[in-house]
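# Structure assessment
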Amino acid sequence: AKAWLITARTLYPTDFGIQYEMYMIERNAERTASAGRLLYDMFANFPDQPMVWREISVITAALRNDVQDKQTQFLRGLFETLPGRTQCEMLLKATEQCFNTLERAEMLLLLLRRFPDSVVQHGVSLGETLLEAENLDDQDSPVNCFRKLFVCDVLPLIINNPDVRLPANLLYQYLHKAAEFYIGYVTRSPSLENQHQGSQDTADIKSPTKRSTQKYIIEGLTEKSSLIMDPWDRLFEIMSIVAMRCDWQMDKANRNCGEILHRMKDLCRYINNFDDEGHRKYKHQVVYSTLLVFFKNAFQYVGSIQPSLFQASSPSSNQVPLILLDDLSNIYGDVDIDRGKHIHKRRKLGDGREKTLSSDDEECSGKGRSRHIIVNKIELPNSIDVLENFKLARESWELLHSQEALEKEFTRICMSWKTETWLWLRIFITDMIVYQGQYRKAINSLHQLGALQGAQQHVMNQGTLEQQRALIQMAACHFALGEYRMTCDKVLDVMCSVIPCTQDVVKVQEEIPKVKPRFRKVLDLKLLPCTSKAMMPYCLQLMLACFKLRAFTDIRDDLALGHVIVLLQLDWPRGENLFLKAVNKICQQGSFQYENFFNYVTNIDMLEEFAYLRTTEGGKIHLELLPNQGLLIKNSSPPLGVLPQEFKLQPSSQTADRHHTVTRGITKGVKEDFRLAMERQVSRCGENLMVVLHRFCINEKIILLQTLM
């Protein structure tokens, strides 16, 4: 049959049917070379035959296909046998046959990649076509198929070709488009990935470790085309090429972010010395260079402290969120205590041996430019890198706002990108303002953060403390401003959503400042995990800090003093010195009334001290601590706030051993009801303290707020 076809082809060289049959025989036999020659002859002699273009479309589809099956590889090999000029002409004509913009762009990309000389003629027009198609298609996000093809595929071909002449304004426009795309790509929400995970289990999707292996597909593109490796490196590479083309001041390439920022600071010092054209050029250099450093480092910082916001891809993404807050470790005072002696015996050693505690509101608000951030390296293993990201992002922001021209250009770019809707960026800006000590401004930023969280609730994990980020930071800001009632109000709102840890909290040795707090110019900051275990103690410390300022004034306030005593049980014995100060004040008053004492005070040392106060040696202080003496004595149902019987634990052996210490002094002439109440209270010393303090906040919310009015 093949011999007959060869003879027929010789006799009838203009018969397309004979040529096509010979081609199909060679194609089906997968004889690449002979099939390629026949295809070339058909393309040259029968360019208008539909069957020829049908075959060419199959071959070009194979060239664009990511699949590596045997048939696709054969078709690619067949195309490679064609002469280069024929390949170029074939791709150009195939492009003309495409009516779909995306398909046409992909076909032209094949041409541009195989024949760099064609970039001069077709590169810029293809880029403009893609950008125009993006506008006509009314895309909601810059991360779309048209922008991806332009930024990742077309733009590098254009700007790397020295024969393509582009004006500076167009290069800046292209850099702007590239930056918007890459930043949008790396900061995309996990919910965008979930749209393509129809068969995947929802629980797996929410898991950060699972999310790192998920596939993200840009609509209109294949999975392979949607994957972008090293997006930040690609973006900085584009900027370096634009810098070279626009004649920026670049002494060396491949600088890291710190070096770039340092170079831009130097350039800013003399940028106003240039003429209008030079000023305009170097303004763009400072803005775009600093802008990329800012967004990269702000993203990496937020990605480390709240990884669930992004499509996680780092090993640290399995950590819990972290919140930047003022460090409150100084609320217990700075006086060393001799722990070897019994507390009431220390008190009897003499008056005035205590140092007066300085008020928190007398300390600097921290508006300095350098504040220390305390981080637990177990909670944040890459803490050095994270703090460096935070520092570089802050300094970049400051540089971009250091001159009116820079700030105006930066603001214009941010408005065009609608950065005010970026939740992750608002988190960084809020932390930056907190770091700067601008607490009033931080509260306004937190209100915006809360609104964004509400609008993007699908991003946050439902029912977790992540939703309380704004409330917790707001409480700390109100405290720094001296607005203690507002502080307490926000804290109590947070406490309503936390679940107290039922296990004993393991105390972690924290970093202790080498300089005593009274000599520090600014307050330290701390990155705390956004968990009930970490947030509840911090909230209780905030409340203690609020009430201690009221409790130790010259005006008597037994209610505030009682609240302080209840809260001092947290992290005992760190608060012993402050408790000693409270006891001294009670002795000076000669009496003390706090009817919630037996509801919430379960610390054995405190009970021992109050038992001693009733004795002759202790000064026979008049104490009114019983809310309802009859009920307590008869062991009937407890009043509001007292833990029900089923929640009570048996006293530990240590408690039992110390029982005689409490009762020995108070049985000598002390009223029976107080003795019975104290004995009963000793049996509660084994109760979980966090549960007790949590109930204190929930049950006494109204009275706690009224105390601060």
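Data block above holds the structure.
Structural notes, computed from the coordinates. (Residues numbered from 1 in each chain as written. Predicted model: local features only at pLDDT ≥ 70, side-chain atom pairs only at ≥ 80, totals over all residues. Heavy atoms only, no water.)

### Comments concerning the overall build of the chain
For clarity, the threshold we go by: Helix and strand assignments come from DSSP, with helices taken as H or I runs of at least 4 residues and strands as E runs of at least 2, each series counted from the N terminus. Think of it in three bands: with a 1.4 Å probe and only protein chains considered, a residue is buried below 20% of the maximum accessible area for its type, exposed above 50%, and partly exposed in between. Contacts between residues were defined by any pair of non-hydrogen atoms, one from each residue, lying within 4.5 Å. Values of accessible area rely on a 1.4 Å probe in the Shrake-Rupley scheme; residue burial ignores everything except the protein chains shown.
Assigned secondary structure in the chain consists of 34 helices and five strands. When the 709 residues of the chain are sorted by exposure, 51% land in the buried category. Within the chain, counting contacts between residues at least 6 apart in sequence, those at least 24 apart form 75% of the total. Of the roughly 33700 Å² of accessible surface on the chain, a fraction of 51% belongs to carbon and sulfur atoms.

### Describing the sheet that holds strand S2 (residues 373-374)
What counts is decided by this rule: A pair of strands is labelled paired if DSSP reports no fewer than 2 bridges between them.
Pairing is mixed in the open sheet, where three strands are placed in the order S1-S3-S2. Unpaired on one side and paired on the other, strand S1 (322-326) and S2 mark the two borders of the sheet. Where S2 and strand S3 (residues 525-529) come together, two bridges link them in parallel fashion. Paired with Ile374 across the strands is Lys526, a residue of S3.

### Quick word on unusual backbone geometry
Note that the residue after Trp572, namely Pro573, is joined by a cis bond; omega there is 15°. Following the sequence through the fold, Pro573 ends up in the loop between helix H26 (558-567) and helix H27 (576-589). In this model, Asp247 sits at a positive phi of 60°, which is unusual for a non-glycine residue. Looking at where Asp247 falls in the secondary structure, it is placed in the loop between helix H15 (231-245) and helix H16 (257-269). With a phi angle near 60°, Asp571 is a residue other than glycine that sits in the positive phi range. Mapping Asp571 onto the fold places it in the loop between H26 and H27.

### Section: the nonpolar core
Using the following cut-off: By nonpolar core we mean a set of buried residues, namely Ala, Val, Leu, Ile, Met, Phe, Trp, Tyr and Cys, connected to one another through side-chain atoms within 4.5 Å.
Counting residues in hydrophobic clusters, the biggest one holds 139 residues, and the most contacted among them are Phe295, Trp424 and Phe428. By residue number, the principal contributor to this core is helix H17 (residues 276-305), which donates 14 residues. Other than its neighbours up to four places away in sequence, Phe295 contacts Ile183, Trp232, Phe410, Cys414, Trp417, Thr419, Trp422, Trp424 and Leu425. In this structure, Val498, Ala582, Val601 and Val682 belong to the second largest nonpolar core, which totals 74 residues.

### A few points about the packing of H15 against H17
Rule in force here: In this analysis, axes come from line fits to C-alpha atoms, helices being fitted only over the stretch in contact, and the angle between any two N-to-C directions falls in the range 0 to 180 degrees. Roughly parallel means an angle under 35 degrees; roughly antiparallel, over 145; roughly perpendicular, 65 to 115; everything else is oblique. Residues are sorted three ways: Asp, Glu, Lys and Arg are charged, Ala, Val, Leu, Ile, Met, Phe, Trp, Tyr, Cys and Pro are nonpolar, and all the rest, Gly among them, are polar.
For the pair H15 and H17, the least separation of the axes is 11 Å and the interaxial angle reads 175°. Classified by the angle their axes make, H15 and H17 are roughly antiparallel. Facing Trp232, Leu235, Phe236 and Met239 of H15, the residues of H17 in contact are Tyr288, Ser289, Leu292, Val293, Phe295, Lys296 and Phe299. Across the contact of H15 with H17, the residue classes break down as nine nonpolar, one polar and one charged.

### Considering the packing of aromatic side chains
How we decide: Stacked, tilted and edge-to-face are the three classes applied to pairs of Phe, Tyr and Trp rings, where Trp contributes its six-membered ring and a pair requires centres within 6.5 Å; stacked means planes under 30 degrees apart, edge-to-face means over 60, and tilted covers the rest. The rule is short: NZ of Lys or CZ of Arg within 6 Å of the ring centre and within 35 degrees of the ring normal puts a charge over the ring.
Under the criterion given, the structure shown has 32 aromatic pairs. Between Tyr270 and Phe274, the aromatic rings sit 6.0 Å apart at their centres with planes inclined by 55°, giving tilted as the arrangement. With relative accessibility at 30%, the residue Tyr270 sits in the partly exposed group. Residue Phe274 is classed as partly exposed on the basis of its relative accessible area, which comes to 28%. The side chain of Arg394 reaches across the aromatic face of Tyr435, ending 3.8 Å from its centre.

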